[in-house]
Structure formats: C-alpha cells, structure tokens
Amino acid sequence: MVERGSDSRPGRSGSAAAGPDQSLYRPGLEGVPATQSAICDIDGHLGQLTYRGYDAATLAARSSFLETAFLLVWGELPTADQLEQFEQEVQMHRRVSFRIRDMMKSFPSQGHPMDALQASAASLGLFYSRRALDNPEYIYGAVVRLLAKIPTMVAAFQLIRKGQDPIQPRDDLPYAANFLYMLTEREPDPLAARILDACLILHAEHSLNASTFSARVTASTLTDPYAVVASAVGTLAGPLHGGANEDVLTMLEEIGSEDRVELWLDRAIANRQKIMGFGHREYKVKDPRAVILQRLAEELFERFGHDPMYDLARRLEEIAATRLGPKGIYPNVDFYSGLVYRKLGIPCDLFTPIFAIARTAGWLAHWKEQLGANRIFRPSQIYTGCAHRDWQPLEAR
Ligand code: ACO
C-alpha cells in the first residue's frame, strides 16, 4: 500500500501533508497563467484591449462583427474575397432545422433564454456529429455554422416563448440587422443595426475569462465544437459574468431616482453587496468597452430619445468613483450595455444571449487555438477532506 506522503512525482511534497504545495494555490486562479494565447491582450492599468494586435475600439468603429470574428479565429484580417465568402457562407447557414425549432417549442416559456440557448447549441452536435478536428475545412464549417445559427436560435426562442412562430432569416440583411429583424419582423433602422454590430465586436473576445476558460477546458477533451460553445454559454450565464448586464438594469430600477443613488450605494457598500456592472479582475480603471458603450448609448439617445435611467447610471458611476474608485473598481462592460440594448427595444433577459452571440467568436478562436497545441486540462487540488475512514454499516451509524 502507498502511504500518504510517499509519492515522489513532481509537484508532490513528499511530506506528511501530501499533495501540491499549498503556497501555489490561488483562489479563482488569480494571476495564474493557464494557457498561452495569441488572440487577445488586455492592459488593465492603461485600459487597453486588443484583438490579434488591433485596438478593439478601432475595430468597433471601422470593422464589422463577422470581419472581427474572422480575425479572431484565423489571426489575420480577411481579404475582400475571403470576407465576401465568409459572409456568404454564414448567411447560407443561418437557418436551423425544424426539429431544433420543435425541440425549442417544448421548452418552458418562463425558462431563461440562456438555458434555452445552451440546450439548443448543444443539440447541434446531434445533427452535425462528424468530428474531424484536424481538418481545416471541418473547423471552418463549424465556425460558420455556429456563428450563423446562434443568433437564429436566440431569436427563435424569443418568439416561441411568446407563442409565435420563429421568423426565417432575411438573406439580404447583414448579421446584426438580420438578428434584429428576426426578433421583431421589422427591418431595423441602419443606426440601430450598426450600433448592435459594434456591441457584438466589443463583446467578441476578452482573453481567459470564465466562459472562455470553460470553452478551452471542454475543447481540451477533443469533444465537438457544439459542446464547447454549450459549456461556455452555461458559464457565461452566471451573474458574476455575462449575467451581470441584466442585473445592472434591475439594480438601476431598484435605486429608482438620481437623488437616491448616494444613500443606496452607501447602504449597499456597508452590506458588502457587489455593485453590478462594476469591478473586473483585469481592469483597475474604467473598462475601455464601457467607455465606448457609453458613447454608443448617447448616440442612440440623441437619435431615438433620452432614457432617464442613463442619468441615474451616470450619477451612480460618479459617486461610486469616490467610494470604489480607490480600490480600482470602475464600470465594466456590463454597466452601459444594458442601456444600449434597452434603447434598441431588446428585452432584458436577452442581454446575456446577445453577449453569447458575440462571444461565440472568441470561444471559437480559443477552440481552434487549443486544438493547435492541445493538452487536456487537469489541474491539481489541495485536498481538505477527511483522511481515510472505515466504512460503517447502516445499523452502526
Ligand atoms: N462592488 C463592490 N465591491 C466590489 C465589486 C463590486 N462590483 N467588485 C469587487 N469588489 C470588492 C470586493 O468586495 C473585494 O473587496 P474586499 O477586498 O474588501 O473583500 C474586492 O473588491 C475584490 O473583489 P473580488 O470579488 O475578489 O474580485 P474578483 O476579481 O474575484 O471579481 C468580479 C471580479 C467578479 C467581476 C467582481 O468585480 C464582481 O463581482 N463584480 C460585479 C459583477 C459584475 O459586474 N460582473 C461582470 C464582470 S464583466 C464580465 O464578466 C463580462
């Protein structure tokens, strides 16, 4: 029998306290490099975000979501021919099987759209079960299919839960415009579609956040890309991650008016409550995406009318800067995105699914990168449970 402490493998101390060195443990893996990646870089002190070396703010202003997705996955901006082909292929694969739509009709209408999306994304693996992870054409096809079908599935569930039939995608509309069309059956205003496209670019990638880590762990088992995206969707849904954008609006509604902000915030801080849409593991300044989203919100208000909730949000940001700013806690990407989506007429519980539509690009980039230098993730742990115990029969307990 091997006794505790007798293991001489690397990482084992060999002391009575067997297992990895306790001093290496970092809760939440803070500061621990878990992979090498060439996709995205964050300077959390300067507030800079780059995708494949390009400033995300420039991409949001000058690129399109599909062009950015191509850049993220394949590492270079596409040529005009490559982009045209990519856009056409995504457009051709937008429809989802009637069987998936029928499956979605059996989902409870009060269920959260993120749960519906996770189940629907996973179900794609049943329809496209061939797996050829070393074949570039297979990877291209899977990227196209997922980018094409995720928005259709989000829009389909939105209509199905209202008792309506899903709307077929419109082939003549670009990516973001088509999504808004599938939600409303109305061709969107070009400014609204452009702003949604910019939001998708800003949410497309953000290095090794929780959902991307989840995607990479799943990818490392060499499972199919639909399982990779489904696991990432499940991770994004949580309120500490993508789900925070919904909670920001709930919080602003709870505060109610500008004159209540200070009292509300001080109480929340005293109760050690997390202020939704604030704080980030990487950023110690205002998230650069929040800066752009705030600008986009203002552009929308100028065109389609002001939202008083924006004044409340700005007041909260101003007062929070004096309370939380000294700890490096400032608005993150989720703080202003909800106000943009609200102005676009999007229901609150679709904010996180829209985040998922965008982040699918980043997840797929990480899936491809993981496959290129794969080793299955299998970290160690610090065991804190009981030492060996003798089993007791029921009557002796
Ligand atoms: N409100 C108040 N205090 C905060 C906040 C906040 N939003 N965020 C962090 N803090 C405080 C914590 O209370 C803690 O204080 P302490 O040291 O006195 O105990 C300290 O800052 C460190 O906080 P952690 O939660 O340990 O920081 P971590 O890096 O683990 O978490 C996170 C980052 C999850 C984003 C956190 O800031 C948070 O919960 N924010 C609110 C939820 C949110 O907006 N999430 C969206 C993030 S962006 C995204 O995922 C797309």
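## With respect to unusual backbone geometry
Here comes step 1: Phi at Glu185 takes a positive value of approximately 60°, unusual for a residue other than glycine.
Here comes step 2: The exposure class assigned to Glu185 is exposed, which follows from its relative accessible area of 54%.
Here comes step 3: Positive phi, normally seen in glycine, also occurs at Arg272, with a value near 55°.
Here comes step 4: Along the chain, Arg272 falls in the loop between helix 12 (261-270) and helix 13 (288-304).
Here comes step 5: The exposure class of Arg272 is exposed, given its relative accessible area of 76%.

## Notes on the layout of surface pockets
Here comes step 1: Here the largest pocket is characterised by a volume of approximately 1,800 Å³.
Here comes step 2: In terms of lining, the largest pocket is formed by 49 residues, of which the most central are Leu240, Gly279, His280, Arg281 and Glu282.
Here comes step 3: Elements with a minimum of two residues in the lining of the largest pocket: strand 1 (40-43), helix 9 (210-219), helix 15 (333-343) and helix 16 (351-372).
Here comes step 4: Considered class by class, the residues forming the lining of the largest pocket number 21 nonpolar, 16 polar and 12 charged.

## Concerning the packing of helix 5 (residues 113-127) against helix 6 (residues 136-161)
Here comes step 1: For the pair helix 5 and helix 6, interaxial distance at closest approach is 10 Å and the crossing angle is 135°. Considered as vectors, helix 5 and helix 6 are oriented oblique to each other. Between helix 5 and helix 6 the crossing geometry is right-handed. For the pair helix 5 and helix 6, contact is made by Pro113, Ala116, Leu117, Ser120, Ala121 and Leu124 and by Leu146, Lys149, Ile150, Met153, Val154, Phe157 and Arg161, respectively.
Here comes step 2: Each residue belonging to the contact of helix 5 with helix 6 can be placed in one class, and the counts come to 10 nonpolar, one polar and two charged.

## Thoughts on the sheet that holds strand 3 (residues 54-55)
What links the strands of a sheet is backbone hydrogen bonding, and the strands pair in either a parallel or an antiparallel sense.
Here comes step 1: Strand order in the open sheet formed by three strands is 1-2-3, and the pairing between neighbours is antiparallel. Here the strands that pair on one side only, and so sit at the sheet edges, are strand 1 and strand 3.
Here comes step 2: Alignment of strand 2 (residues 48-51) against strand 3, held across two bridges, turns out to be antiparallel. For Tyr51, the partnering residue across the bridge sits in strand 3 and is Tyr54.

## Structural notes on the nonpolar core
Here comes step 1: In this structure, Tyr51, Phe65, Leu147, Met251, Leu252, Leu316 and Trp367 are the most contacted members of the largest nonpolar core, which totals 123 residues.
Here comes step 2: Here this core gets 16 residues from one element, more than from any other, and that element is helix 6.
Here comes step 3: Mapped onto the domain boundaries, this core takes at least three residues apiece from domain 1 (56-238 + 347-370) and domain 2 (244-343).
Here comes step 4: Sequence-distant contacts of Leu252, that is, excluding residues within four places in its chain, are made with Met309, Leu312, Ala313, Leu316 and Leu339.

## So, the packing of helix 14 (residues 308-323) against helix 15
Helix-helix packing: each pair is described by the crossing angle between the helix axes and the interaxial distance.
Here comes step 1: One can describe the packing of helix 14 onto helix 15 by two numbers: an axis separation of 11 Å at closest approach and a directional angle of 175°. When the interaxial angle is binned, helix 14 and helix 15 end up roughly antiparallel. Across the interface between the two elements, Met309, Tyr310, Ala313, Arg314, Leu316 and Glu317 of helix 14 pack against Phe335, Tyr336, Leu339 and Arg342 of helix 15.
Here comes step 2: Of the residues in the contact of helix 14 with helix 15, the class split is seven nonpolar, no polar and three charged.

## Focus: the confidence of the model for the chain
Here comes step 1: The share of residues in the chain with pLDDT of 70 or more is 95%, and the mean pLDDT across the chain is 94.
Here comes step 2: Counting contacts from residues 1-16, a segment whose pLDDT is below 50, to residues more than four positions away or on other chains yields 13 contacts.

## Section: the packing of aromatic side chains
Here comes step 1: Enumeration over the complete set of coordinates arrives at 14 aromatic pairs.
Here comes step 2: Between Trp74 and Tyr140, the aromatic rings sit 5.3 Å apart at their centres with planes inclined by 40°, giving tilted as the arrangement. Residue Trp74 is found in helix 2 (residues 65-74), and its partner Tyr140 is found in helix 6; the two are separated by 66 residues along the sequence.
Here comes step 3: Plain terms: the ring middles of Phe335 and Tyr336 are 4.8 Å apart, the flat faces sit at 75° to each other, and that makes the pair edge-to-face.
Here comes step 4: Residue classification places Tyr336 among the buried residues on the basis of a relative accessible area of 0%.
Here comes step 5: Joined through ring pairs, the aromatic side chains of Phe278, Phe301, Tyr310, Phe335 and Tyr336 make up one cluster.
Here comes step 6: The ring of Tyr128 carries Arg145 above its face, with NZ or CZ at 3.8 Å from the centroid.

Reading guide: rules and limits
- Here the residue index of a chain counts from 1 through its sequence in written order.
- Reporting of local features is limited, given that this is a predicted model, to residues whose pLDDT is at least 70; pairs of side-chain atoms are given and counted only at 80 or more, and all residues count toward the totals for whole chains, interfaces and linings.
- Calculated side-chain values reflect all of the structure's heavy atoms, with hydrogen atoms and water omitted.
- Residue burial is assigned from relative accessible area. The probe radius is 1.4 Å, only protein chains are included, and a residue is buried under 20% of its type maximum, exposed over 50%, and partly exposed in between.
- Secondary structure elements are defined from DSSP: runs of H or I of at least 4 residues count as helices, runs of E of at least 2 residues count as strands, and each element is numbered from the N terminus.
- Both cavities and pockets are sets of points on a 1 Å grid over the protein atoms alone; in a cavity a 1.4 Å probe fits but cannot get out, in a pocket the set is open with protein on both sides within 12 Å along at least five of seven lines, and lining residues sit with an atom within 4 Å of a point.
- Grid points are joined across faces, edges and corners, and a volume is the space filled by probe spheres set on the points.
- Here the term charged refers only to Asp, Glu, Lys and Arg, the term nonpolar to Ala, Val, Leu, Ile, Met, Phe, Trp, Tyr, Cys and Pro, and the term polar to all other amino acids, Gly among them.
- Under this scheme, a helix contributes an axis fitted over its contacting stretch, all axes are lines through C-alpha atoms, and angles between N-to-C directions fall in the 0 to 180 degree range.
- Note on terminology: angles under 35 degrees are roughly parallel, angles over 145 are roughly antiparallel, angles of 65 to 115 are roughly perpendicular, and the others are oblique.
- Each crossing gets its handedness from the near helix: less than a right angle anticlockwise from the far helix is left-handed, clockwise is right-handed.
- Residue contacts follow a heavy-atom distance rule, with two residues in contact if any of their heavy atoms lie within 4.5 Å.
- Pairing between strands requires that DSSP locate at least two bridges from one strand to the other.
- Throughout, nonpolar core names a set of buried Ala, Val, Leu, Ile, Met, Phe, Trp, Tyr and Cys residues whose side chains join them through atoms within 4.5 Å.
- For the purposes of this description, domain bounds are those given by an automatic or database domain assignment.
- Every residue is assigned a pLDDT by the predictor, reflecting its confidence on a scale from 0 to 100.
- Any two of the Phe, Tyr and Trp rings considered here, Trp counted by its six-membered ring, make a pair once their centres fall within 6.5 Å; the pair's planes then place it as stacked at under 30 degrees, edge-to-face at over 60, or tilted in between.
- We count a charge as sitting over a ring when the NZ of a lysine or the CZ of an arginine lies within 6 Å of the ring centre and within 35 degrees of the ring normal.

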